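What the coordinates show
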Amino acid sequence: MEVKTQRFRRASAQALADDSLQSAMGRAIGHFDQARQAAIEELTPELWERYRQRGQEIKSHTIENLDYYLGLLAWRVEGNGGTVHFATDTREATDIVLDLARTRGVKSVVKSKSMLSEEMDLNSALESQDIEPVETDLGEYIIQLAGETPFHIIAPAMHKSKEEVSELFFDKLRTPRLTEIEEMAAAARQALRQKFLDADMGVTGVNFAVAETGTIVIVTNEGNGRMCTSLPRIHVALMGMEKVVPALEDMAVMLRLLPRAATGQRITSYVTFVSGPRRRSDEDGPDEFHLVIMDNNRSKLLADPELREALNCIRCGACLNTCPVYQKVGGHAYGYVYPGPIGAVITPVMVGLPKAKDLPFASSLCGACREVCPIKINIPRMLLKLRGDLAEGGRGQRKVSWWERALVRAWAITVRSERSLAWTRGIASLLQRPFVSGGRMRRIPFPPFSRWTRNRDFPGLAPRSFHQQWEKELKDRPSPTPPPSVRKRE
Amino acid sequence: MAARQAECSRPAEPVGLAKATSPLLPLAELPNARLPTLKASLFVTCLVDQFFPEVGESVVTVLRRLGVEVDFPQGQTCCGQPAFNSGFRSQAKANAERFLDLFQDSEYVVTPSGSCASMLKVFYPELLHDAPALQERADDLSRRTYEFSQFLVHILGLTDVGAAYDGTVTYHASCHLLRELEVTKEPLLLIEEVKGARFVPLDGTNECCGFGGAFSVKYPEISAAILEDKLRNIEATGADALVACDSGCLMHIAGAMSRRGMKTRPLHLAQLLAREGNHGG
Ligand code: SF4
């Protein structure tokens, strides 16, 4: 996918100014967030905590031993009659898929949701070879028709209102102007049915890959995933190398965590386990099964002990839904496949830190993401680590502007001692004089304060600092006798 | 530390507080403390020092009223959080080292800020993890440091501090207080016992106000949009006072409240608790 992370500032400002986007987004995100909370209440928060704990253990153990489990997975998949391809980057992964398509005379491809294929920009690659890719997840289908990229990792068309979709279908599918969501889903289903039957290849994502049995697991709510894995003669599954889990048993934990965190469901409508191509005794299923395992800079995350935890992510989207920044700027502003808090961590590593320098700073560090993450990933710590690299990292990483450096330098000198603080205070109280009225400043004409006073008043310096007040009177003020209500407790 | 603790006859630190990040004990299990003479060093925070000295004064008033001996280590400035949050870790380290010296001999360090307390309690040990000698001292400081409401409830074992306020009060939970220190109900217990105060719950009380330090000037529009939701919820409570445990959040919220001429007044928890009887609203 084309990297637009450099445009974060402008894109987020545009999103904030877009009223219809704001209202569509507000509704949808609120819905997801409430559903998640209700699901946890129902399970009981205590049990949820234990599952989270276990989920974290499973993922951390797997990531620490990733080479072993990937080896095991590949061995088992091949044993089941499938073929495993390892791809270093998106180009290699794309070439693998195109090569398969070319050598097997594939004319059309049906796809179920895959964020990896977004990384690869697979649809354009297929189109360039005159192969028709059709997204079959309703949300993905909508954004494919609209020529957009996913807005959210589990709800790609979250930002589109019913009216917009109706207009889009009218335009692209030549349907009448539909008003009900059910009608639109039916229209899409009808358009897709023939595509499924005609397709030569099904491309799917992978939510988990079980090493022990060589099984890939796909969770969906529309059943389209299952059609993609069973109807076409070739099934290609795309997975990031962090998706592996050791044993089938681990799915008992993961399948409790993922749907609840993602959509507030106890379980999704469909959970598909695929272990290789059709066996002789099977009635249907593909003739060939290919598993593409892609790195695309994930090994950079793996190599860094402070960022490795990002590979524990199961892409549930809960951190997006709860993030006050994502809630306001939405998914497109982040400029790459993965938005929101976890995106602000992994995107800079995937596309290069300098290019995505605004993302780690686009957070108030409120920590809500960490609180809701089903794998307890400490996202704020990783944002701080990336900020550290941008401020003080090696060559090619440092990317903080000179004036910010200067500000921090000036601040450092100011707070070096009480004396220098008092001295700076003296200057500042002179400088603020023209702007203060009633103890506050409504407009300060120079940055960074001007950016504050655009929307908020800034307090004037207190007439006396606490230091001064302590010296003048507080130090020697006699201690009062405790009031009766307090004394009673003795 | 152990030797000194044995000398004075005050309750040993409650189990469970030994580690900075460990969750606090359920209140019921805490020893019902008397009012021992404790010594607390005030870390007033740079924001309070420069802009809101009345908050510091209130902390002193409340602590003294409860029989705590308060001192104010001179030379304190800023804990280094602005640098740390902006990625300038080596600068923050310099601040951390200064603080380790400044509060070397303090029995307790009390600070009226959830995020500055987090800096001392949680981030100093992380920041200094590659210098073992410093890290040990940071761990020690971390064990002795408490956010104001934490100190009242967990060290003094009090929720009624003899305060009175005539009016309706709502409460905003600051992010670091909530998620780094896991201080959730302490401030509410304290507010509950304020005579005359009528508590009105705030919708989305646990949601960020959009301050985030430098974030508020790096992304002023995003910050203001987040703040907007907070203001709407505050307005809906119709409360006379908005209470919080962090002057940063309060400065942010109050800045917008005054811009709009809202009549709810911002109050630091310490200011609320410092009020006794007929002070009015
Ligand atoms: S970081 Fe956690 S909350 Fe965010 S998408 Fe990944 S698993 Fe879900």
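Residues numbered from 1 in each chain as written. Chains lettered and ligands numbered in written order. Predicted model: local features only at pLDDT ≥ 70, side-chain atom pairs only at ≥ 80, totals over all residues. Heavy atoms only, no water.

Overview of the nonpolar core
As a reminder, the rule being used: What is meant by a nonpolar core is a set of buried Ala, Val, Leu, Ile, Met, Phe, Trp, Tyr and Cys residues, joined one to another through side-chain atoms within 4.5 Å. Exposure classes here rest on a 1.4 Å probe applied to the protein chains alone. A residue is buried below 20% of its type maximum, exposed above 50%, and partly exposed in between. By definition, any uninterrupted DSSP run of H or I lasting at least four residues is a helix, any uninterrupted run of E lasting at least two residues is a strand, and each is numbered from the N terminus. Throughout, a contact is declared for two residues whenever any of their heavy atoms are within 4.5 Å.
Counting 154 residues, the largest nonpolar core has Met201(A) and Leu291(A) as its most contacted members. Among the elements that make up this core, the one with the highest residue count is helix α12 (residues 250-263) of chain A (8 residues). In this structure Leu291(A) touches Leu73(A), Val77(A), Thr83(A), Val84(A), His85(A), Val206(A), Ile216(A), Ala237(A) and Met239(A), once residues within four positions along its chain are discounted. Ranked by size, the runner-up nonpolar core spans 75 residues in total, among them Phe51(B), Val59(B), Leu242(B) and Cys245(B).

Some remarks on the packing of helix α8 (residues 138-146) of chain A against helix α9 (residues 162-172) of chain A
Residue and element names in this part refer to chain A. This is how it is decided: Axis lines are fitted through C-alpha atoms, for helices just across the contact stretch, and the angle between N-to-C directions can take any value from 0 to 180 degrees. When an angle is under 35 degrees it counts as roughly parallel; over 145 it counts as roughly antiparallel; between 65 and 115 it counts as roughly perpendicular; any other value is oblique. Note: crossing handedness is left-handed where the near helix turns anticlockwise from the far helix by less than a right angle, and right-handed where it turns clockwise. As a working rule, the residues Ala, Val, Leu, Ile, Met, Phe, Trp, Tyr, Cys and Pro are called nonpolar, Asp, Glu, Lys and Arg charged, and the rest polar, with Gly in that last group.
With their axes 10 Å apart at the nearest point, α8 and α9 run at an angle of 60 degrees to one another. Judged by the inter-axis angle, α8 sits oblique to α9. Seen from above, α8 lies across α9 with left-handed handedness. Counted together, Ile142, Leu145 and Ala146 of α8 and Val165, Leu168, Phe169 and Lys172 of α9 form the full contact between these two elements. Within the contact of α8 with α9, the residues separate by chemical class into 6 nonpolar, no polar and 1 charged.

Here we look at the sheet that holds strand β6 (residues 215-220) of chain A
Residue and element names in this part refer to chain A. Defined as follows: When DSSP finds at least two bridges between two strands, those strands are taken to pair.
Read from one edge of the open sheet, 4 strands run β8-β5-β6-β9, paired in mixed fashion. Only two strands of the sheet have a single partner each, and these edge strands are β8 (244-245) and β9 (270-274). The pairing of β6 with β9 spans 5 bridges and is classified as antiparallel. Its bridge partner being in β9, isoleucine 218 is matched across the sheet by threonine 272.

Brief notes about the packing of helix α22 (residues 466-474) of chain A against helix α3 (residues 53-65) of chain B
Two elements in contact, α22(A) and α3(B), have axes separated by 9 Å at closest approach and are oriented at 45 degrees. The orientation of α22(A) relative to α3(B) falls into the category oblique. As for how α22(A) packs across α3(B), the hand of that crossing is right-handed. Residues Phe466(A), Gln469(A), Trp470(A) and Leu474(A) of α22(A) touch α3(B), and the partners they reach there are Pro53(B), Gly56(B), Glu57(B), Val60(B) and Arg64(B). Tallied by class, residues from the contact of α22(A) with α3(B) come to 5 nonpolar, 2 polar and 2 charged.

Re the sheet that holds strand β11 (residues 436-437) of chain A
The strands that make up a sheet are held in pairs by hydrogen bonds between backbone atoms, and each pair lies either parallel or antiparallel. Read across the open sheet, the 3 strands follow the order β11-β12-β13 (chain A); overall the sheet is antiparallel. The strands lining the two open edges of the sheet, one partner per strand, are β11 and β13 (458-459) of chain A.

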